[in-house]
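# Working through the structure, step by step
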Amino acid sequence: MPLARSLSMTSLNGLPQWEDEDLPVEDLLLFEVSWEVTNKVGGIYTVIQTKAKITADEWGENYFLVGPYFEHNVKTQVEACEPPNPAVKKAMDTMKSQGCQVFFGRWLIEGSPYVLLFDIGSAAWNLDKWKGEFWDVSNIGIPFHDREANDAVIFGSLTAWFLKELSCQFDDKPNIVAHFHEWQAGVGLILSRSQKLPVATIFTTHATLLGRYLCAANIDFYNNLDQVHKTNVTVVVFFIMPAKTNNFNVETLKGQAVRKQLWDTAQSVKEKFGKKLYNALLKGEIPDLNKILDRDDITIMKRAIFSTQRHCLPPVTTHNMIDDGNDPILNTIRRIGLFNNRTDRVKVILHPEFLSSTSPLLPLDYEEFVRGCHLGVFPSYYEPWGYTPAECTVMGIPSVTTNLSGFGCFMQEHVADPAAYGIYIVDRRFRSPDESCNQLTQFLYGFCQQSRRQRIIQRNRTERLSDLLDWRYLGRYYMHARHLALSRTFPDKFEMEPSAPPKTEGFRYPRPSSVPPSPSVSQHSSPHQSEGEDEDEDERYDEDEEAERDRQNIKSPFSLGVLPQGKKKQHGEYRN
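Quick caveat, the model's predicted, so the values are computed rather than measured.

### Quick word on empty space enclosed by the protein
Under the counting rule described, the total for this entry stands at 2 cavities of 30 Å³ or more. Volume-wise, the largest cavity comes out at about 40 Å³. Every residue lining the largest cavity is listed: K51, I54, T55, E58, G475, Y478, M479 and R482. Broken down by element, the lining of the largest cavity gets its largest block of residues, 4 residues, from helix 1 (residues 43-59). Here the lining of the largest cavity is composed, by residue class, of 3 nonpolar, 2 polar and 3 charged.

Have a look at this one:
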């Protein structure tokens, strides 16, 4: 089957092109291995899912994703089919003949990539044997009671077994590239290398345990958010963070029923209003709006309003939490007294599960939820990249990040004034925790003081940054990694110059002309700015003019730290 070739950098509004030579993908097989293939656990799922289309476009029928089999995921996300590659099918059949369950199909996401899924439970009887083999090659012991580590050993052993069965069928080509994501897939990489399989390997770490331990250090973050100003703005804060629960909160279900009753009442009154309005217009009359709603309509609406009255405070969480006494978010809410009182200017809702359109409480997909928010807040102490603020940016939603996240550093390199484009970067590297908290407070307070017009302008600017985060642009680094792996594993077949892909720091979005030149006056110094300030900013702002200036700026980049002529950077000296 011919391979699709839709990858083009020229469609990205002038972003730099990568002139690297195409790989002969017709003679290659690419396998990406991850515990989160069809299995949403965290952000890696989103990375793989969104990157799948550009990789499938480049590799066509020679691209496969490898992950664990979970029946509830496969039923809703995977369409079963036969492997198109005879060698893949033979390797699967060999494993099945020895008692391992292996499933194959298409993942029903954009790009429809092939997926190869191993049933961990069907191979668990090999665990002790595989633990011993892993100890022999790595001297790494796995605790008996560690379910997560045990699953990683089984998954990795199955992956290495499959790659061995597959590679044994090829004398010369196709050559195999295996890309392992995160430590759960790392066992497969170690075993593949120890067995000296003819496979080019790549490893991507999306986070490290050291970073997570630093992040979990005892820094009293929320207790330092002093209330320094009074405001009439009400802020609703959603914490979307999976945790162990028993079931839905009864008060939350009651609130959902009341909301539905309000909606039904509004629809009923609207229907009656529409009929009366239509009949009046049919007669050529303008209806008397004072009479178009009768006494029964008013009574129904009043009863609906009265039904919303509570005899207790609205719950701060949508579910009954298991061991809620040790939940850090709930304990902080208790300590600072944010119980959703009528006088509280900040309302808190903890939703301890992933968002889904099938949820009876919040029937929204994550993308729909994000678009309904004004601001995303992700002040991570450790984040190798940080996909959540990037998702906000692509959807035109301003966000808070830090200079200890890859995303925050990336935006600092590319955007002259990130805050003007809706990217608020908290300094958690060079400031103390108290100073970082105060800076975050200033960001949040300043954002809440913006007028609706100012928020619209900022969202337009934020959305213009989406080209920087397009996989058609950032995907070059994965392409480069595959080139590099092949050239190192098969040096007699693949040659590669020892240079990295083009820098991403050769262009920067300028400070918008409508933003004051001094950062000190980019936010209002008082809670209630004058009307004249808003009018002046509206006069300065021109969306089309700013967008065109950004496009020209990218096409004609100014240099940042250009090397002297004749000197080239060696591989590893570039930063992405």
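### Here's the deal with the environment of L23
Tracing the sequence through the fold places L23 in the segment before strand 1 (28-33). Judged by its relative accessible area of 9%, L23 falls in the buried class. When the C-alpha positions of L23 and F494 are compared, they lie 9.0 Å apart, and in sequence the two are 471 residues distant.

### Some details on the sheet that holds strand 5 (residues 114-118)
Pairing in this open sheet of 7 strands is mixed, and the strands run 3-4-5-2-1-6-7 from one edge to the other. For this open sheet the edge positions go to strand 3 (78-80) and strand 7 (199-204), each flanked by a neighbour on one side alone. Pairwise comparison of adjacent strand axes, ignoring direction, gives a mean angle of 30 degrees for this sheet. Here 6 bridges tie strand 6 (residues 175-181) to strand 7, and the two strands are oriented parallel to one another. Across the sheet, the residue bridging to V177 is A200, located in strand 7. Sheet strands in contact with helix 17 (residues 476-489) are strand 1, strand 6 and strand 7, and its direction is about 140 degrees off that of strand 7.

Definitions and limits used
Residues numbered from 1 in each chain as written. Predicted model: local features only at pLDDT ≥ 70, side-chain atom pairs only at ≥ 80, totals over all residues. Heavy atoms only, no water. 1 Å grid on protein atoms, 1.4 Å probe; cavity = no way out; pocket = protein on both sides within 12 Å on 5 of 7 lines; lining within 4 Å. Points joined across faces, edges and corners; volume = space filled by probe spheres on them. Helix = DSSP H or I, 4+ residues; strand = E, 2+ residues; numbered from the N terminus. Nonpolar A, V, L, I, M, F, W, Y, C, P; charged D, E, K, R; others polar. Buried < 20%, exposed > 50% of the residue type's maximum accessible area, 1.4 Å probe, protein only. Pairing = 2+ DSSP bridges. Axes fitted to C-alpha atoms, helices over the stretch in contact; angles between N-to-C directions. Contact = heavy atoms within 4.5 Å.

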